[in-house]
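Here is what each chain is made of, one letter per residue.
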Amino acid sequence: MIVVTGATGNVGRPLVRALAGAGEPVTAVSRRVSPTDLPPGVRAVRADLVDPTGLKAAFDGAEALFLLFTGEQLAGGADPGAILDTARQAGVRRVVLLSSQGVATKRHPPGQEEAVRASGLEWTLLRPGGFHSNALAWAPGVRAGRVVHAPFGDVALPSVDPADIAEVAALALRDGAHAGGTYELTGPAAVSPRQQAAALAAALGEPVRFVEQTPQQARERMLAYMPEPMVAATLSILGTPSPAEQRVSPDVARLLGRAPRDFADWAARHVADFRCPRPQG
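Rules behind the numbers
Residues numbered from 1 in each chain as written. Predicted model: local features only at pLDDT ≥ 70, side-chain atom pairs only at ≥ 80, totals over all residues. Heavy atoms only, no water. Salt bridge = Lys/Arg side-chain N within 4 Å of Asp/Glu carboxyl O. Helix = DSSP H or I, 4+ residues; strand = E, 2+ residues; numbered from the N terminus. Pairing = 2+ DSSP bridges. Axes fitted to C-alpha atoms, helices over the stretch in contact; angles between N-to-C directions. Core = buried A, V, L, I, M, F, W, Y, C linked by side-chain atoms within 4.5 Å. Buried < 20%, exposed > 50% of the residue type's maximum accessible area, 1.4 Å probe, protein only. Contact = heavy atoms within 4.5 Å.

**Q** Got a sec to walk through the pattern of salt bridges? Specific residues and values, please.
**A** When the charged atoms of two side chains with opposite charge come close together, those side chains can pair. Per the counting criterion, the structure on display carries 19 salt bridges. When the shortest N-O distance is used, the salt bridge between Arg269 and Asp161 registers 2.9 Å. With Arg269 in helix H14 (residues 263-269) and Asp161 in the loop between strand E7 (147-151) and helix H8 (162-174), this pair connects stretches of sequence that are 108 residues apart. Through salt bridges with shared partners, a single network forms among Asp164, Glu167, Arg258 and Arg261.

Here it is, written out as structure tokens:
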């Protein structure tokens with residue numbers, strides 16, 4: 001049995017599909033998950049990582065764990081060490097942590113990774129940079145007025161497709177040969193917000209206007225769904241990335257045997273999220 005936390009998110013959802021499609025027994029954990037959200041045969045467990053005791057039922061009979069913390073959960077007191085203790089006591093042997101490139105570049109704290117290394121479990125660390133799916137924050141503006149508002153319009157970063165993260169995670173969860181591995185996950189090329197807006201326009205077949213926000217405007221918007229330290233770190237990466245943060249990693253291609261998917265591919269697959277809903281009747 002493999003337990004997937006964050007099972008209804010941008011990485012968790014394709015990971016559950018990939019594991020179930022490979023014939024693995026899967027338990028999908030999320031605060032709002034239900035069987036109708038999942039492939040047939042996948043067990044749904046509603047639980048919150050802020051409360052490790054609520055995870056005992058999910059871990060029962062499991063051998064591997066995909067662990068993903070949201071900023072909201074960490075700000076709310078989620079304790080990686082306590083969750084890993086609960087998992088180990090239930091018989092889990094292997095954990096794959098969705099960490100962040102920012103740990104390597106000292107932008108983000110290393111506490112989650114330190115807890116995993118100290119857990120006594122076999123572990124694999126995944127360190128993605130930005131996600132292609134971060135562009136979903138632009139969807140309301142694109143639907144309403146075909147406009148993207150973002151800061152640092154011409155600063156390019158090699159964001160990664162969550163579906164590629166999910167494929168790497170599935171590999172690490174199923175194969176103990178990846179124990180002790182730390183993988184940096186990026187897309188195939190650095191792309192700027194202005195270029196991403198152009199890719200959305202191409203997918204829609206309609207012009208999309210790009211309006212550059214000031215850093216303060218971006219900060220105010222991001223504070224609505226991210227804690228302040230994470231907002232500050234994110235804006236720093238977006239505005240003044242280091243060479244390491246702009247570097248394209250070979251890890252996705254090496255692990256999956258193919259090039260990572262680019263932003264244009266993601267935009268084409270998710271174009272429905274940016275279309276205006278059709279009138280009813």
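**Q** Explain the sheet that holds strand E5 (residues 94-98) to me, using residue names and the numbers behind them.
**A** With parallel pairing, the 7 strands of this open sheet are ordered in space as E3-E2-E1-E4-E5-E6-E8. The outermost strands of the open sheet, each flanked by one partner alone, are strand E3 (43-46) and strand E8 (182-185). For this sheet, the mean inter-axis angle between neighbouring strands, taken without regard to orientation, is 15°. Alignment of strand E6 (residues 122-128) against E8, held across 4 bridges, turns out to be parallel.

**Q** Talk me through the nonpolar core; I want residue IDs and the actual numbers.
**A** In this structure, Val4, Leu15, Phe66 and Leu126 are the most contacted members of the largest nonpolar core, which totals 31 residues. Per element, the largest residue contribution to this core is 7 residues, and it comes from H8. Residues in contact with Leu15, not counting those within four places in the same chain, are Val4, Phe66, Ala166, Ala169, Ala170 and Leu173. Counting residues in each nonpolar core, the second largest holds 24 residues, with Val45, Leu55, Val95 and Leu121 among its members.

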